[in-house]
Structures are given as C-alpha cells and as structure tokens.
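Fold and contact review
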Amino acid sequence: MNAHKISEGIFAIHANITTDDLFEGIWPIPHGVTLNSYLVKGEKSALIDLAKEWEGSIGQFEKQLGSAQSSFESLDYLILNHLEPDHTAFVTEIRKRNPNVEIISTPKGIAMVKKFFKITENLREVKTGDSLDLGGGKVLEFYETPNIHWPETMMCYERTEKVLFSCDAFGSYGKLGERLFDDEFNESEHQFYEKESLRYYSNIVASFSTFVKRALEKLGGLEVKVIAPSHGIVWRKNPAEIIERYARYAGYNTGSPCEKEICIIWGSMYGYTKVGLDAVISGIEEMNIPYTIHRVPNTDSSFVLADAYKASGLVLAMPTYEYKMFPPMAHVLDLFQRKHFINKKVLRIGSWGWVGGAKKEYDQRIDSMKWTSIESVEWQGVPSEDDLALLKQRGKELAGLIM
Ligand code: FEO
C-alpha cells in the first residue's frame, strides 16, 4: 500500500493492524486498529507521530514513506504529539538511522523522550503558539492539549492546508484497509466505525472528557479542513461530524444528557437472577424504552463500557457471591468508577443463595458516582410471583425516569 495524499506535500502513512493482542494490554480489537502517522514535506520534511511495532507495522511505514519519496533517513524533524508507545515504537530506530533528525514535543513530552529512550541530544520543546516553518509554504503550529490522552499531549495544525493532526483525539478502533478518508466509506461502514469510535472513547478517553471539552474550545477558532487523527478515519469531507461526535461523547460524563436508552448488564450463576431480570425487561419493554444488554463475564468489559457510557439508564443484575457482588460485575463497576461514569439512573437487582451481601458492597462502590438509584430488589433463590411483579414495576419506574 502506498501513502495516502491528503493535499500537496501532506501524506498519511498508516499501518493496518490485525491481532489477537489487546489494545493497551486490556481492550480487545477484534476488528483491528489503524495507526496513523503523517508526513509533511516543504523544503524540509517532518514526520508526525509513529506507531507500535505490531504485525509488521514498521515495514508498512517504510514502504509508504518510500512511496512519498521519503524515508527515515531523509527526515529533518520527528514530531511526537504523544509518547504512548502505540505512537513511538520506532523512535530509537529512526534516531539510530538518522542521528540528525530533530525530535519535537512539548516540555513534558521531551522529558519523557529522555526517560523512555535515553535520547538527550537534538531535542526541541514547543508550546502553544510556537510554530515550525518547513519552507515551501508549509508551517506547523503547535497546540498543547494535555490529557488527550496523556499530560504531554499536543496537536499540530498545518496552517496553509488547514490540516489538524489530532493524535488520539477523534480516533477510533477498527482497521481501515486500503481506504482512509471519510468520503470513501458508505453509510453502513460509517455506522460500524461510529460504534468503534464510541468504544475507543469509552475505553481510552472517557476519563479525560473535561480535557476534551477544553481542547475543543481551544481549537474552536481554527479553520479545519481535514482532521487527521492517529487512529482511524481521516476526515476531509465532513470534519464537523467527528468534532460533533467527540463533543457529544465528552458531554456524557461531564453533565450533558446521555441517550434515552438503558444498558442492561447482568450476571447469573444458576439462572435465578436472570429470571428476575426478565421481569424487569418486560417492564422496560412495556414503556418502549430502547435497551442494550450484556452478560458478564461473557461479554468483554470493553463493549459493556461503550453501551453503558452513552446510556441514561443502567440495570445491574447480579447475585451475591461469597458475601459480596458477583465478581465480574464488581470489575465492571470498578471501570465505571475509573472512567467517571456519572449521573446515571440505575436499578440494581439480584438473588442470593445462603446469605446476601451484594447490596452492601454495591452501595459502597457507587457512593462517589452521583447516580440516581431506584430502590433495589433482592430475593433468595427463585423469585416469587410477588418478586416478579415488583421487578417488573421497578423496570417501568426506571424507564419512566429515562423518558
Ligand atoms: Fe493512541 Fe494514547 O495513544
């Protein structure tokens, strides 16, 4: 595959990754992921961001650089928007083959270059307002955007062609294959990548939504013709779509309304909790509120997070397990807490066998999450007819709060 030309002198270099490996060592990527870098060529040339050495990505990068009449050896600048290793694995290799390449990043980024790679020479710190003139009409401006995704993160903006190199922001899971630009995908493919971008956001970025909002405000004055993220689609036809999408995502855990839907998450040891859950679901269905449903641990938390993140309402159905919550649900709740899933309307239900205890642990865990809780329902063993009627009523109550 050749480099993709974005505009005169600006190219996307991207590796398509298919792997059984987990993103960040945690999150499954059954549909793969792309790792995007960008080459900007004026009289001098700069490569913006790199990749993780993954499934031959360095080979894919070199081949595409070659197709744009460039190489690791001919670069003048290596710009690192972000030091997470999915964007920095070739730093040492490039420096070895090209000792003159100047590495550019924020002050925190440069400090990390020194620590991560033991490189101390030919480094340049940049801050918001600084720029780099490559000659030939290509000027890169730098904008510090801390905590999207790490504290050292920045974005670059090419002033002439109005391309924003946004690193993790506006990114997505899902490998793209030969295509890269938003206008090359049809509606159903966009729906698929929208799901993957929400999953990426909820897994990777959600903890930093306040910073996303701040960055969107900071960049709001820029005229952006192309958004070029480090993962996923490059937006040249309709960059406003991905900006709007990220603004919506950032709002979900910073006070804006979530979607009028419910995410049901359940676990059951022998089926008694599931019997009770079915009654809750019948109540929700009577109220015509849409819902998604995930069983844990059968469904990986990565997918649960995506649906739960955007939903106004949650149903958490779990039995008591050894005096406490069903452990897979405890894991999910731990992630909700870490990712700042606030302001949900929640119904918790569950059975217990020989002793309860899930409620106590649950109440402690959700204490800091500003959730509105419907009164929970617990029962021993098989739910009675009265239990089932109450569970159905609780489902309707929750749905009523979402409408
Ligand atoms: Fe794609 Fe935070 O690295």
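Residues numbered from 1 in each chain as written. Predicted model: local features only at pLDDT ≥ 70, side-chain atom pairs only at ≥ 80, totals over all residues. Heavy atoms only, no water.

**What to know about empty space enclosed by the protein**
On inspection of all chains with the given rule, the structure shows two cavities of 30 Å³ or more. Considered as a void within the structure, the largest cavity measures approximately 70 Å³ in volume. Taken together, Phe170, Gly171, Ser172, His190, Tyr193, Ser197, Gly232, Ile233, Trp235, Ile242 and Arg245 form the lining of the largest cavity. Among the elements of the structure, α4 (187-205) and α6 (239-252) are those that each provide at least two residues to the lining of the largest cavity. Here the lining of the largest cavity takes three residues from α4, the largest share from any one element. Among the residues forming the lining of the largest cavity, the class breakdown is five nonpolar, five polar and one charged. Of the pockets and cavities examined, the second largest cavity occupies roughly 30 Å³. Looking at the second largest cavity, the residues that line it are Ile148, Met155, Ala169, Phe170, Val212, Ala215, Leu216 and Tyr246. When residues in the lining of the second largest cavity are grouped by element, the largest group, three residues, is from helix α5 (residues 209-219). Looking at side-chain class alone, the lining of the second largest cavity contains eight nonpolar, no polar and no charged residues. (1 Å grid on protein atoms, 1.4 Å probe; cavity = no way out; pocket = protein on both sides within 12 Å on 5 of 7 lines; lining within 4 Å. Points joined across faces, edges and corners; volume = space filled by probe spheres on them. Helix = DSSP H or I, 4+ residues; strand = E, 2+ residues; numbered from the N terminus. Nonpolar A, V, L, I, M, F, W, Y, C, P; charged D, E, K, R; others polar.)

**Things to note about α4**
Along an α-helix, residues three or four positions apart point the same way, because every turn accommodates 3.6 residues. When the terminal C-alpha atoms of α4 are compared, their 25 Å separation across 19 residues agrees well with the 27 Å that a helix rising 1.5 Å per residue should span. Those residues of α4 that sit buried are His190, Tyr193, Glu196, Ser197, Leu198, Arg199, Tyr200, Tyr201, Ser202, Asn203, Ile204 and Val205. Packed against the buried residues of α4 are β3 (22-23), β4 (27-28), α5, α6 and α8 (301-310). (Expected span 1.5 Å × (residues − 1). Buried < 20%, exposed > 50% of the residue type's maximum accessible area, 1.4 Å probe, protein only. Contact = heavy atoms within 4.5 Å.)

**Focus on the sheet that holds strand β13 (residues 163-167)**
Taken in spatial order, the five strands of this open sheet run β10-β11-β12-β13-β14, and their pairing is mixed. Looking at strand neighbours, the two that pair on one side only are β10 (131-135) and β14 (226-229), the edges of this open sheet. Across this sheet, the average inter-strand angle for adjacent strands is 20°, counted without regard to direction. For β10 and strand β11 (residues 138-144), the ladder comprises four bridges, and the chain directions are antiparallel. By the bridge assignment, Ser131 is partnered in β11 with Glu141. (Pairing = 2+ DSSP bridges. Axes fitted to C-alpha atoms, helices over the stretch in contact; angles between N-to-C directions.)

**As for the environment of Phe23**
Tracing the backbone through its elements, the reader meets Phe23 in strand β3. Since its relative accessible area comes to 3%, Phe23 is described here as buried. For the pair Phe23 and Tyr173, spaced 150 residues apart in the sequence, the C-alpha separation amounts to 9.3 Å. When sequence neighbours within four positions are dropped, the list of residues in contact with Phe23 reads Ile29, Val33, Trp54, Asp86, Tyr173, Tyr200, Ile204 and His231.

**What about the domain arrangement of the chain?**
With domains assigned, the chain is organised as domain 1 (4-252) and domain 2 (260-402). The centre of domain 1, based on its C-alpha atoms, is set 38 Å off from the matching centre of domain 2. With 14 residues of domain 1 at the contact, the number on the domain 2 side is eleven residues. Connecting domain 1 to domain 2 are zero salt bridges. Summed over the shared surface of domain 1 and domain 2, the number is eight residue pairs in polar contact (both at pLDDT 80 or more). If you list the elements that add at least two residues to the side of domain 1 that touches domain 2, you get β4, α4 and α6. For the side of domain 1 that touches domain 2, the leading source of residues is α4, giving five residues. (Domains from an automatic or database assignment. Salt bridge = Lys/Arg side-chain N within 4 Å of Asp/Glu carboxyl O. Polar contact = N/O pair within 3.5 Å; in protein donor to acceptor, adjacent residues only side chain to side chain.)

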